[in-house]
Amino acid sequence: MPLSRAQRDALDRSVSATRMGTYVRVSGGDADLARARYLWDRELAVAFFADIALLEIAVRNAMNDRLAERWGERWYERAEVPLDDRTAAQLAEAHGRVVGPKLPGRVVAQCTFGFWAGLLDRGAYTGRDPRRVRCDYDLVLWRGVLDRAFPGGRATARADGERWGRTYAHQVVTRVNALRNRVAHHEPLVAGYPLPGQRGPDGRERRRTAAEGFGDLLRLAGMIDRDLRGLLLATSGVPGVLDRRPRPHDLRRRVAPLRPGIVRSSEP
């Protein structure tokens, strides 16, 4: 649906030229299409966040349940649970955000998605020299504990032609966390999104399309519970929004170009 002049002007006043420039570039300089895709991007982010809200809690509960089963509900306080410096710092921040009694459920609820993703990494170091030691997450946290948080993991990895293990689980959860952060910080999805710290053989930053991001949500859901994957497929608004991505022929009329200052580019 074309925007009225007043609506177009309001959008142009609200969004910086730099930010809108992303949409102009992927729209081949078409101002109307850039505006339409900006609004579509907002709709896509809302749909993604609804799914991620469900998955984030499911991941947290699945992993916390297995850790509590092995070491008790205050597993994060146990000396035999190795936490590297990064993870310990994230835990301390979560602990500090709790208002009132530091009950286990409250502490766990304050732990970020990045915290849980980090527990699936191989572990880094804790302490200072000469007593600086490596925390082996694969040996202590994964085997027989966190691997059981993902009963559908083996089938999911097999469907991808991959080998099931901690590395596969970490990669999927990390990719979902990258999408989550992208959405939470209101960053564009129209041209996909980068995977922080990951580069391909050519040295270029690895990226995912929005459609690939939805595939990762389904992977993660299936790793936890195949019925959760079915729920996501049945209720997610993401596929519908992806199908409604504005295209040049969708616009019925043209309005004035974007205000001066928008950088135009011939990049696809």
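The structure under discussion appears in the preceding block.
The structure presented is a predicted model; accordingly, all values stated were derived computationally and were not measured. (Residues numbered from 1 in each chain as written. Predicted model: local features only at pLDDT ≥ 70, side-chain atom pairs only at ≥ 80, totals over all residues. Heavy atoms only, no water.)

## A closer look at the overall build of the protein
For the protein, the helix and strand inventory stands at twelve helices and four strands. Dimensions of the protein, computed from the C-alpha atoms along their principal axes, are close to 65 × 45 × 40 Å. Buried positions account for 43% of the 268 residues belonging to the protein. Considering only residue pairs separated by 6 or more positions, the protein has 66% of its internal contacts joining residues 24 or more positions apart. Within the structure as shown, the protein displays about 14,500 Å² of accessible surface, and the carbon and sulfur contribution to it stands at 50%. (Helix = DSSP H or I, 4+ residues; strand = E, 2+ residues; numbered from the N terminus. Buried < 20%, exposed > 50% of the residue type's maximum accessible area, 1.4 Å probe, protein only. Contact = heavy atoms within 4.5 Å. Areas by Shrake-Rupley, 256 points an atom, 1.4 Å probe, with all protein chains shown as cover.)

## So, the pairing of strand β3 (residues 193-199)
Of the strand pairs in this sheet, β3 and strand β4 (residues 205-208) are connected by three bridges, and their pairing is antiparallel. Bridge assignment links R199 to a residue of β4, and that residue is E205. Between β3 and β4, which pair antiparallel one after the other, the connecting turn spans five residues, and G203 there sits at a positive phi close to 85 degrees. (Pairing = 2+ DSSP bridges.)

## Considerations on the layout of surface pockets
In this structure, the second largest pocket occupies an estimated 240 Å³ of space. If you go around the second largest pocket, the residues you meet are R19, Y23, Y38, D41, R42, A45, V46, F49, V183, H186 and E187. Contributing elements (two or more residues each) for the lining of the second largest pocket: α2 (17-26) and α3 (31-71). Here the lining of the second largest pocket takes six residues from α3, the largest share from any one element. (1 Å grid on protein atoms, 1.4 Å probe; cavity = no way out; pocket = protein on both sides within 12 Å on 5 of 7 lines; lining within 4 Å. Points joined across faces, edges and corners; volume = space filled by probe spheres on them.)

## Examining the pattern of salt bridges
What the rule picks out here adds up to 17 salt bridges. Residues R74 and E77 are paired through a salt bridge, measuring 3.2 Å at the closest nitrogen-oxygen approach. The class of R74 is partly exposed, set by a relative accessible area of 34%. D138 serves as the salt-bridge partner of R143, at 2.9 Å between the closest nitrogen and oxygen. In this structure R143 comes out as exposed when scored by relative accessible area, which is 52%. (Salt bridge = Lys/Arg side-chain N within 4 Å of Asp/Glu carboxyl O.)

## Considering the nonpolar core
Grouped together as the largest cluster of nonpolar side chains are 71 residues, with contacts concentrated most on F48, W116, L119, F150 and L220. Per-element accounting of this core gives the leading share, 15 residues, to α3. Ignoring any residue separated from it by four or fewer positions in sequence, one finds F48 in contact with L179, V183, L189, A210, G213, F214, L217 and V238. (Core = buried A, V, L, I, M, F, W, Y, C linked by side-chain atoms within 4.5 Å.)

## Focus on α3
Between the first and last C-alpha of α3 there are 58 Å, a value that for 41 residues agrees with the 60 Å anticipated at 1.5 Å per step. N-capping of α3 is provided by D30, with a side-chain oxygen placed 3.1 Å from the backbone N of D32. Once α3 finishes, G72 follows within two positions and takes phi at roughly 95 degrees, a positive value. (Expected span 1.5 Å × (residues − 1). Polar contact = N/O pair within 3.5 Å; in protein donor to acceptor, adjacent residues only side chain to side chain.)

## As for unusual backbone geometry
Omega for the bond connecting D129 with P130 falls within 30 degrees of zero, at 10 degrees, which places this linkage in the cis form. Following the sequence through the fold, P130 ends up in the loop between β1 (125-126) and β2 (133-134). If you check the backbone angles, H186 has positive phi at about 60 degrees while not being a glycine. Within the element layout of this structure, H186 appears in the loop between α9 (166-184) and β3. Judged by its relative accessible area of 58%, H186 is exposed.

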